[in-house]
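These are the residues of each chain, in order.
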Amino acid sequence: MTSIVVPAHNEERVLGRTLSALLADAAPGEFDVVVVANGCTDGTAEVARGFAGVRVVETDVSSKSNALRLGDEAASGFPRVYLDADVVLPAAQVRALCGALTGGVLAAGPRRRLPMDGVRWPVRWYYDVWERLPHVGDELYGRGVIALSQEGHARLGPWGDVMADDLAVATAFGPDERAIVAGAVVEIRPPRTYADLLRRRVRAMTGNARLVAGVRPAGARAQPRTGWRDLPGLVADDPRLAPKVLLFLGTAVLSRLRARRADGTWLRDESSRD
């Protein structure tokens, strides 16, 4: 049985969409789904309980890493899938991810689909650049879902107190131990407004900085990074990207400055949850 851990903090508006897509074509008993409602002040837990077979764990602690630990304690099966509460991943895509965990592959992620309907132009420009960057296409981070084999789960060890959980997983596995599965696609709704994009980027930068400063699994490789020198190459390949690259650079600088003043509060965009 595949266990699926879904950490959820105030996700009443979107959790039903996520669970409906996940379970619509699932066979009875195929998935062991554990939703960990952490620090919720809305009806997240009630939404989860409305789905047959979904187990709910509740905690007053608003922490994704703590929710992942609690989900692991409650889960029983392998492969183990960690799924963000605001993404869409049907059962067939889960099967494709788990099916890729063979031949030494310990961790797998899907391709991304970013629907841009209703998204403001600065956000579309930002992602036009971001999706072309080195590492974005072949690394596990930024996908909202990661599948681990039992051996991969043991390699990762207990969840540390990290914000950038997907990056922590990505750095734990080498190129031959991870796979991006062409037959699996996850829908990730981008922020609709530039202000919400900045909130998302500040949270990502804060989490990345904490991961670098914290304790990572033994043998973890260096954090994959995109350098400033990668951007001119994008413009050389397609000069029409020049204004978009400038916006991307400005966003990176502004996000970094704001991340230095971040106070540790829960930063996320709300516009993608409408």
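Please refer to the structure higher up on the page.
We now turn to the structure provided with this report. (Residues numbered from 1 in each chain as written. Predicted model: local features only at pLDDT ≥ 70, side-chain atom pairs only at ≥ 80, totals over all residues. Heavy atoms only, no water.)

**A look at the overall build of the protein**
The number of helices and strands found in the protein is 10 helices and eight strands. By residue count, 52% of the 274 residues in the protein fall in the buried class. In the protein, the proportion of contacts linking residues at least 24 apart, taken out of those at least 6 apart, comes to 80%. When the accessible surface of the protein is split by element, carbon and sulfur atoms take 52% of a total near 12,400 Å². (Helix = DSSP H or I, 4+ residues; strand = E, 2+ residues; numbered from the N terminus. Buried < 20%, exposed > 50% of the residue type's maximum accessible area, 1.4 Å probe, protein only. Contact = heavy atoms within 4.5 Å. Areas by Shrake-Rupley, 256 points an atom, 1.4 Å probe, with all protein chains shown as cover.)

**Section: the sheet that holds strand β4 (residues 80-83)**
One open sheet holds the eight strands; their spatial order is β3-β2-β1-β4-β7-β6-β8-β5, and the pairing between them is mixed. Two strands bound the open sheet, and with one partner strand each, they are β3 (55-59) and β5 (87-88). Sheet strands touched by helix α1 (residues 15-23): β1 (2-8), β2 (31-38), β4 and β5. Its angle to β2, the strand with the most contacts, is close to 170°. (Pairing = 2+ DSSP bridges. Axes fitted to C-alpha atoms, helices over the stretch in contact; angles between N-to-C directions.)

**Notes on the side chain of Ser 255**
Inspection of the secondary structure assignment puts Ser 255 in helix α10 (residues 242-260). If sequence neighbours within four positions are ignored, Ser 255 has contacts with Leu 198, Arg 201, Val 202 and Met 205.

**A look at the pairing of β2**
Looking along a regular strand, one sees side chains alternate from face to face of the sheet. The buried fraction of β2 amounts to eight of the eight residues, a majority that puts the element mostly inside the structure. Both faces of β2 are covered, namely the face carrying Phe 31, Val 33, Val 35 and Ala 37 and the face carrying Asp 32, Val 34, Val 36 and Asn 38. Note that β1 and β2 share seven bridges and pair parallel. Looking at β2, one finds that Ser 3 is bridged to Asp 32. Following the chain from β1 across α1 to the adjacent parallel β2, one finds a crossover that is right-handed. Pairing of β2 with β3, which is carried by five bridges, proceeds in the parallel orientation. Note on β3: the bridge partner recorded for Val 34 is Arg 55. Regarding topology, helix α2 (residues 44-49) serves as the crossover connection from β2 to the parallel β3, and that connection is right-handed. (Right-handed = clockwise from strand over helix to strand, strands pointing away.)

**Some details on helix α5 (residues 121-130)**
Within α5, burial applies to Pro 122, Val 123, Tyr 126, Tyr 127, Val 129 and Trp 130. Projected down its long axis, α5 carries its buried residues within an arc of 155°, all on one side. (Arc of directions from axis to C-beta.)

**Observations concerning the pattern of salt bridges**
This structure, assessed with the given rule, holds 12 salt bridges. Among the ionic pairs, Glu 139 bridges to Arg 178, the shortest N-O distance being 3.4 Å. Of the two residues, Glu 139 is situated in the loop between α5 and β7 (145-148) and Arg 178 in strand β8 (residues 178-188); the sequence distance between them amounts to 39 residues. Taken individually, Glu 139 and Arg 178 each receive the classification buried, so the pair is uniform in this respect. Among the charged side chains, a salt-bridge network with shared partners connects Arg 113, Glu 187 and Arg 189. (Salt bridge = Lys/Arg side-chain N within 4 Å of Asp/Glu carboxyl O.)

**Let's talk about the packing of α5 against α10**
Packing of α5 against α10 brings their axes to within 8 Å, and their N-to-C directions diverge by 95°. Here α10 runs roughly perpendicular to α5, going by the angle between their axes. On α10, the residues touching Trp 121, Pro 122, Trp 125, Tyr 126, Asp 128, Val 129 and Trp 130 of α5 are Pro 243, Lys 244, Val 245, Leu 247, Phe 248 and Thr 251. Here the residues of the contact of α5 with α10 are counted per class, giving 10 nonpolar, one polar and two charged. (Parallel < 35°, antiparallel > 145°, perpendicular 65-115°, else oblique. Nonpolar A, V, L, I, M, F, W, Y, C, P; charged D, E, K, R; others polar.)

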